[in-house]
Amino acid sequence: HRGKILTHRIENLINLLAQKSINYYDFISKASDIAEITELFEPKDLSMWRALGIEIIKLDSGKITLKTRETDIDDQEFCFVDIETNGGLSNGQIIEIGAIKTRGTQELGHFESFVYAPVVPENITELTGICAEDLVGAPPLASVLERFRLFLGDSVFVAHNVKFDYGFIDASLQKCGFGMLLNRRLCTVELARRTIEAQRYGLGSLKELLGVQNVHHRAFSDAVSCFEIFKFALSRLPWSVQSTEDLILFSKTAKSLALPKPQISGCDEGEIL
């Protein structure tokens, strides 16, 4: 479990910076105690932190903090991401990535690519419409991930059920030798729970509620849906939520608006969110 414990220590350090500015030497000392960081780079090199997805800044006071604490939501770059895979993390890989990059709600660009894989199981084809023939001639995973990482930069990584997309891309980057993903992340399931009254928060349910009409279970169109949910949620934020870190904290801690689910037998569309 060494990797998981160390990753947890990095998260704790970043979460500390998200809450308050800390003394520069305390930051270097804490970061230098984490082997996963020192094996990759010298913690004093703030440009390397940024290359891995997070901008750490030195304030005029000499203290260290996250740029996202100092950035208004309207000025923040966000990247709305969705992936399709041909299996789980242990037995599959990414077969499609779709993403939209914005500053606030203003679109800056988009990313869309198939990824070569020799096999696409039948159940994945039924779900996504993607079959092995679609991936013939597509670029290999390492090539797509390298381009995607450049596109993502140090923007906030946003996804519907962000733990899945972020975790899968992070693990894939590390397998390909590109280092860990340190970008701040935001989950539109969590954000929707705090801003939209609904019984279900799966992507299909929220699209129906908000009148979003596009293809389901394809990476780019699902990234578009995620962006639409985000824009609607922003219109429902309390005035006190101003900075990017305010938004991330609000998405995790504000009161849930979830409505009771109807008591029915069976399940609908496999939506569990």
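If you're wondering where the values come from, they're calculated on a predicted model, not measured in any experiment.

J.: Break down helix α10 (residues 203–210) for me, citing the residues and quoting the values.
T.: Within α10 the residues assigned to the buried category are Leu-203, Gly-204, Ser-205, Leu-206 and Lys-207. Following α10 by one or two positions, Gly-211 adopts a phi angle in the positive range, close to 75°.

J.: Provide a residue-level description of the environment of Gly-137, including the pertinent values.
T.: You can see Gly-137 is positioned in the loop between α6 (122–128) and α7 (141–152). Taking the C-alpha atoms as reference, Gly-137 lies 8.9 Å from Val-115; in sequence the two are 22 residues apart.

J.: Could you give an account of the pattern of salt bridges, naming the residues involved and the relevant values?
T.: Between side chains of opposite charge, a pair can form as their charged atoms come close. Enumeration over the complete set of coordinates arrives at nine salt bridges. The shortest N-O distance in the salt bridge between Arg-50 and Glu-55 comes to 3.7 Å. Assessed through its relative accessible area of 43%, Arg-50 is described here as partly exposed. Ionic pairing is found between Glu-55 and Lys-67, a salt bridge with its closest N-O pair at 3.8 Å. On the criterion of sequence distance, the pair formed by Glu-55 in the loop between α4 (46–51) and β2 (56–58) and Lys-67 in helix α5 (residues 67–70) is long-range, its members being twelve residues apart.

J.: Describe the pairing of strand β7 (residues 156–159), with residues and values.
T.: Because side chains alternate across β7, one face comprises the buried residues Val-156 and Val-158, and the other comprises Phe-157 and Ala-159, equally buried. Relative to β7, strand β4 (residues 77–85) runs parallel, the two sharing three bridges. Note on β7: the bridge partner recorded for Phe-80 is Val-158. Direction of pairing for β7 relative to strand β8 (residues 185–187): parallel, over a ladder of three bridges. Residue pairing in the sheet places Phe-157 in a bridge with Arg-185 of β8. Handedness of the crossover is the feature at issue here: the chain leaves β7, passes through helix α8 (residues 162–175), returns alongside β8, and the resulting connection is right-handed.

J.: Explain the side chain of Asp-82 residue by residue, including any values.
T.: On the secondary structure map, Asp-82 appears in strand β4. Although Asp-82 lies buried, it forms no salt bridge, and the closest oppositely charged side chain, Arg-218, sits 8.3 Å away as judged by the N-O distance. In contact with Asp-82, not counting residues within four places along its chain, are Glu-96, Ile-97, Gly-98, Asp-165, Arg-218, Ala-219, Asp-222 and Ala-223.

J.: Tell me about the sheet that holds β8, and please be specific about residues and values.
T.: The strand order β6-β5-β4-β7-β8 describes an open sheet built from five strands, whose pairing is mixed. At either end of the open sheet lies a strand with only one pairing partner, and these are β6 (106–114) and β8. This sheet shows a mean twist of 20° between the axes of neighbouring strands, independent of strand direction. In this fold α8 packs onto β4, β5 (94–103), β7 and β8, with an angle of close to 80° to the strand it touches most, β4.

J.: Break down the packing of aromatic side chains for me, citing the residues and quoting the values.
T.: Enumeration over the complete set of coordinates arrives at eleven aromatic pairs. Here the aromatic rings of Phe-157 and Tyr-166 are separated by 5.1 Å at their centres, their planes lie at 75°, and the arrangement is edge-to-face. Across the pair, Tyr-166 and Phe-157 agree in class, each one buried. If you follow Lys-58 out to its NZ or CZ, it ends over the ring of Tyr-24, 4.0 Å from the centre.

Analysis parameters
Residues numbered from 1 in each chain as written. Predicted model: local features only at pLDDT ≥ 70, side-chain atom pairs only at ≥ 80, totals over all residues. Heavy atoms only, no water. Buried < 20%, exposed > 50% of the residue type's maximum accessible area, 1.4 Å probe, protein only. Helix = DSSP H or I, 4+ residues; strand = E, 2+ residues; numbered from the N terminus. Salt bridge = Lys/Arg side-chain N within 4 Å of Asp/Glu carboxyl O. Pairing = 2+ DSSP bridges. Right-handed = clockwise from strand over helix to strand, strands pointing away. Lys, Arg positive; Asp, Glu negative; His and termini not counted. Contact = heavy atoms within 4.5 Å. Axes fitted to C-alpha atoms, helices over the stretch in contact; angles between N-to-C directions. Phe/Tyr/Trp six-rings, centres within 6.5 Å; stacked < 30°, edge-to-face > 60°. Lys NZ or Arg CZ within 6 Å of the ring centre and 35° of its normal.

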